[in-house]
Amino acid sequence: MTRNAFQHEEVFIHLIREQKERFYLLAYSYTKNEQDALDVVQDSIQKAMLSLERLEHVDYMKSWFYKIVVRTAIDFLRKHNRLQVTDDDTLHYLTPAKEDIYEDVDLEHALATLPQMYREVVILHYFEDLKLADVADILDIKLSTAKSRLYKALKLLKIQLQDVKGEITHG
């Protein structure tokens, strides 16, 4: 193993240890199942370890690994030919307590009802704090597509949240 490959491996291991909950939640946002999300993360780590030496710049490791997780999750869903819906209580239970908890249950529900292509842009941009250019790269879409999906997602979320607010005030 070259010195560079060894350094990449050390940085990768540190990244996984520091961000494991975030990677799990990203996988969970696709699979909607605890065990499947763990399998996706495990498969992603294995794929990354096998191709780590091909990563040219360690600075891109985080977005590179996000891309692997997203692709592995999508492959998993295709392979198993299923999409699942998860109730709010389960999602709340599985969400780590330290950060990114949806304080607003209405927002959590509205986000869960978005089509996957819109939800993933919102999650990666707002909850994973990634730049839209990185989101586009991770999802293998053009930057303009990422921007339009984010715009559409925010518009849909606004409509849903206004509907909920209207139900509460008129209910």
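Residues numbered from 1 in each chain as written. Predicted model: local features only at pLDDT ≥ 70, side-chain atom pairs only at ≥ 80, totals over all residues. Heavy atoms only, no water.

> Describe the packing of aromatic side chains, naming the residues involved and giving the relevant values.
On inspection of all chains with the given rule, the structure shows five aromatic pairs. Measuring from ring centre to ring centre gives 5.3 Å for Phe-12 and Phe-65, while their planes differ by 75°; the resulting arrangement is edge-to-face. In this pair, Phe-12 sits in helix H1 (residues 3–31) while Phe-65 sits in helix H3 (residues 61–80), placing the two residues 53 residues apart along the sequence. On the basis of relative accessible area, Phe-12 is assigned to the buried category, the value being 1%. Aromatic ring contacts, followed pair by pair, group Phe-12, Phe-23, Trp-64, Phe-65 and Tyr-66 into a single cluster. (Phe/Tyr/Trp six-rings, centres within 6.5 Å; stacked < 30°, edge-to-face > 60°. Helix = DSSP H or I, 4+ residues; strand = E, 2+ residues; numbered from the N terminus. Buried < 20%, exposed > 50% of the residue type's maximum accessible area, 1.4 Å probe, protein only.)

> Could you give an account of the pattern of salt bridges, with specific residues and numbers?
Across all of its chains, the model carries five salt bridges by this definition. A salt bridge links Lys-67 to Asp-137, with the shortest nitrogen-to-oxygen separation between them at 3.2 Å. Residue Lys-67 is located in helix H3, and its partner Asp-137 is located in helix H7 (residues 132–139); the two are separated by 70 residues in the primary sequence. The class for Asp-137 is partly exposed, based on a relative accessible area of 39%. Bridged by salt links that share partners, the residues Lys-67, Arg-71, Asp-137 and Asp-140 form one connected network. (Salt bridge = Lys/Arg side-chain N within 4 Å of Asp/Glu carboxyl O.)

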